[in-house]
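Secondary and tertiary structure notes
Next come the chains, spelled out residue by residue.
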Amino acid sequence: MNLARFPRIRLAHLPTPLEPMPRLSKALGGPDIWIKRDDCTGLSTGGNKTRKLEFLMAEAVEQGADIVLTQGATQSNHARQTAAAAAKLGMDCHILLEDRTGYNHENYKYNGNVLLDVLHGASVEHRGPGLDMNAEMETVADAMRAKGRNAYTIPGGGSNATGALGYVNCALEMMGQFVTQGLAVDHIVHATGSAGTQAGLITGLKAMNAQIPLLGIGVRAPKPKQEENVYALAVKTAEKLGCPGVVERADVVANTDYVGEGYGIPADSTLEAIDIFARTEAILLDPVYSAKGAAGLIDLIRKGHFKQGETVVFLHTGGAIGLTGYSHSFDVAGRI
Ligand SMILES: *Cc1c(COP(=O)(O)O)cnc(C)c1O
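Residues numbered from 1 in each chain as written. Predicted model: local features only at pLDDT ≥ 70, side-chain atom pairs only at ≥ 80, totals over all residues. Heavy atoms only, no water.

Bringing the packing of aromatic side chains into the picture now. In the structure shown here, the tally under the stated rule is five aromatic pairs. Residues tyrosine 103 and tyrosine 108 carry aromatic rings whose centres are separated by 5.2 Å and whose planes lie at 75 degrees to one another, so their mutual orientation is edge-to-face. On the basis of relative accessibility, which here comes to 18%, the residue tyrosine 103 falls in the buried class. Accessibility expressed as a relative area gives 1% for tyrosine 108, which makes it buried. Where tyrosine 103 meets tyrosine 326, the ring centres are 5.8 Å apart and the plane angle is 90 degrees; that geometry is what we call edge-to-face. Highlighted residues: tyrosine 103 in the loop between β4 (92–98) and α4 (106–110) and tyrosine 326 in the loop between β10 (311–316) and α12 (332–335), separated in sequence by 223 residues. On the basis of relative accessibility, which here comes to 1%, the residue tyrosine 326 falls in the buried class. Feature note: the residues Tyr103, Tyr108 and Tyr326 constitute an aromatic cluster, connected by ring pairs. Over the ring of tyrosine 289 we find lysine 49, and its NZ or CZ is 5.3 Å from the ring centre. Its guanidinium or amino end placed over the ring of tyrosine 167, arginine 51 lies 5.7 Å from that ring's centre, counting from NZ or CZ. (Phe/Tyr/Trp six-rings, centres within 6.5 Å; stacked < 30°, edge-to-face > 60°. Buried < 20%, exposed > 50% of the residue type's maximum accessible area, 1.4 Å probe, protein only. Helix = DSSP H or I, 4+ residues; strand = E, 2+ residues; numbered from the N terminus. Lys NZ or Arg CZ within 6 Å of the ring centre and 35° of its normal.)

Dropping the structure here:
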């Protein structure tokens with residue numbers, strides 16, 4: 001595997017820190033928990049999509065694109081990071097936002113990520129729930145091409161084999177940090193959605209023969225579908241990297257017990273995770289992804305799945321700006 005031969009534009013502040021969480025570890029009474037701070041990638045409040053965009057935007061530039069299109073849910077962190085990357089590179093950006101939650105609150109519709117989409121100069125159009133959003137986007141892109149635009153489309157979450165290279169890079173970066181920080185890691189845990197993060201990580205970890213199990217905590221799809229999505233993308237990513245077959249189906253493990261009612265709808269365990277992380281470590285989680293991942297981590301520690309004496313790394317994938325779009329989920333007035 002030779003990641004350096006793929007075109008890449010530096011957008012992220014790397015390496016992101018790898019830090020202990022002693023107060024959280026003590027509060028939960030289980031393993032030593034460390035955090036990999038991919039919420040600190042720097043671009044427009046950071047997050048995991050920036051690593052993917054380093055490779056995706058390089059491909060867009062290489063193809064001479066003058067506009068990038070992508071799609072996501074209303075409070076999409078991916079759409080916001082794409083809008084920011086496009087602004088930084090002097091490209092136009094057009095976003096299709098799907099109303100996936102049915103929320104009608106002012107803050108949900110106009111604050112958080114949506115506010116930043118607009119500040120970065122992206123144009124936005126909306127779709128109702130349940131459509132094939134990548135197909136919707138391709139239709140819009142084709143109409144732009146017919147008018148002479150050179151449009152580059154990025155699938156939801158930036159999750160294709162090019163985007164997943166960003167998380168192969170993260171796997172390399174973490175393994176280096178484990179060595180320099182003298183950390184014998186037993187598990188890595190993170191939130192998994194459109195699959196690119198988990199697919200890139202597992203491909204990188206397996207290509208290095210890291211022997212560290214990776215657990216994705218699902219935020220949307222049921223377990224069989226989530227694992228299939230991740231595996232299919234990992235297979236493509238490994239092929240792209242020149243190490244086909246390095247990922248086996250059994251390497252891909254997702255736990256989807258913490259989704260709650262559905263994508264983008266915080267469960268009680270989601271809100272509890274946000275409170276626990278904020279009060280013990282002053283870490284801000286987001287209600288759509290990272291807090292569902294953290295809820296899984298917390299519950300699996302309580303159930304004894306992760307044990308005392310082990311070291312677990314929680315990969316923080318970002319998204320805290322979304323909290324301001326979810327003020328309705330927190331009884332702020334009642335807590336003052
Ligand atoms: C997109 C996202 C994820 C999930 O990553 P995928 O690569 O889509 O699986 C996790 N956390 C946050 C904050 C995200 O924005």
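What follows concerns the site of the ligand. In the vicinity of the ligand, 17 residues are found, and the nearest of them are Lys49, Lys52, Ser194, Thr197 and Thr317. With respect to the ligand, the backbone of glycine 196 contributes an N or O atom lying 3.4 Å from an oxygen atom. Side-chain polar atom of threonine 197 to an oxygen atom of the ligand: 2.7 Å apart, as the coordinates give it. Protein coverage of the free-state accessible area of the ligand, which is 380 Å², stands at 98%. Looking at the shell around the ligand, the elements that each hand over two or more residues are α2 (49–62), β7 (187–192) and α8 (196–207). (Near = heavy atom within 4 Å. Polar contact = N/O pair within 3.5 Å; in protein donor to acceptor, adjacent residues only side chain to side chain. Areas by Shrake-Rupley, 256 points an atom, 1.4 Å probe, with all protein chains shown as cover.)

As a working rule, side chains carrying opposite charge can pair if their charged atoms are close by. Here the structure, examined in full by the defined rule, presents 20 salt bridges. A salt bridge links arginine 145 to aspartate 142, with the nearest nitrogen and oxygen atoms 2.9 Å apart. You can see arginine 145 and its partner aspartate 142 sitting in helix α6 (residues 133–146), three residues apart, about one turn around the helix. (Salt bridge = Lys/Arg side-chain N within 4 Å of Asp/Glu carboxyl O.)

This part covers α2. Two residues of an α-helix separated by three or four positions point the same way, owing to the 3.6 residues in each turn. For α2, which comprises 14 residues, the first-to-last C-alpha distance of 19 Å matches the rise-based estimate of 20 Å (1.5 Å per residue) to within 8%. The largest bend along α2 reaches roughly 25 degrees and is located at phenylalanine 55. Most of α2 sits out of view: twelve of its 14 residues are buried. Every buried residue belonging to α2 is among Lys49, Thr50, Arg51, Lys52, Leu53, Glu54, Phe55, Leu56, Met57, Ala58, Glu59 and Ala60, and all of these are buried. Trailing α2 by a residue or two, glycine 64 shows a phi angle of about 75 degrees, which is positive. (Expected span 1.5 Å × (residues − 1). Bend = angle between axes of the 7 residues up to and from the residue.)

Core analysis: the biggest nonpolar cluster contains 37 residues, and Val189, Phe277, Leu285, Leu297, Phe306 and Phe314 have the highest contact counts within it. For this core, the element with the highest residue contribution is helix α11 (residues 290–302), accounting for seven residues. Filtering out sequence-adjacent residues up to four positions away, leucine 285 remains in contact with Ala273, Ile274, Phe277, Ser290, Ala291, Ala294, Phe314, His316, Ala320 and Leu323. Grouped together as the second largest cluster of nonpolar side chains are 35 residues, Ala171, Leu183, Val246 and Val313 included. (Core = buried A, V, L, I, M, F, W, Y, C linked by side-chain atoms within 4.5 Å. Contact = heavy atoms within 4.5 Å.)

Paired through their backbone hydrogen bonds, the strands of a sheet run either parallel or antiparallel. Across the sheet, four strands lie side by side as β5-β4-β3-β6; this open sheet has parallel pairing. The open sheet terminates on both sides in strands that have one partner only, identified here as β5 (123–127) and β6 (151–154). Averaged over all neighbouring strand pairs, the angle between strand axes comes to 20 degrees, with direction disregarded. The pairing of β4 with β5 spans five bridges and is classified as parallel. Counted as the bridge partner of leucine 97 is histidine 126 from β5. Helix α3 (residues 77–89) contacts β3 (67–73), β4 and β6 of the sheet and is inclined by roughly 170 degrees relative to β4. Each of β3, β4, β5 and β6 touches α6; the most contacted strand, β3, lies at about 155 degrees to it. (Pairing = 2+ DSSP bridges. Axes fitted to C-alpha atoms, helices over the stretch in contact; angles between N-to-C directions.)

Here we take up unusual backbone geometry. For the bond running from leucine 14 to proline 15, omega is -5 degrees, close enough to zero to count as cis. Along the chain, the position of proline 15 falls in the segment before β1 (18–20). One non-glycine residue, asparagine 209, lies in positive phi territory at about 50 degrees. Examined against the element boundaries, asparagine 209 turns out to sit in the loop between α8 and β8 (214–218). Look at asparagine 209 and you get exposed, because its relative accessible area is 53%. Non-glycine residue alanine 282 carries a positive phi angle of around 55 degrees. Relative to the assigned elements, alanine 282 resides in the loop between α10 (268–281) and α11.

Attention now goes to the packing of α2 against helix α7 (residues 161–180). The interhelical angle for the contact between α2 and α7, taken along N-to-C directions, is 135 degrees, at an axis separation of 6 Å. The angle between α2 and α7 places the two elements in the oblique class. Once α2 is placed against α7, the crossing between them reads as right-handed. Of α7, the residues touching α2 (which contributes Arg51, Lys52, Phe55, Leu56 and Glu59) are Thr162, Gly163, Leu165, Gly166, Tyr167, Asn169, Cys170 and Glu173. (Parallel < 35°, antiparallel > 145°, perpendicular 65-115°, else oblique. Left-handed = near helix turned anticlockwise from the far one by under 90°.)

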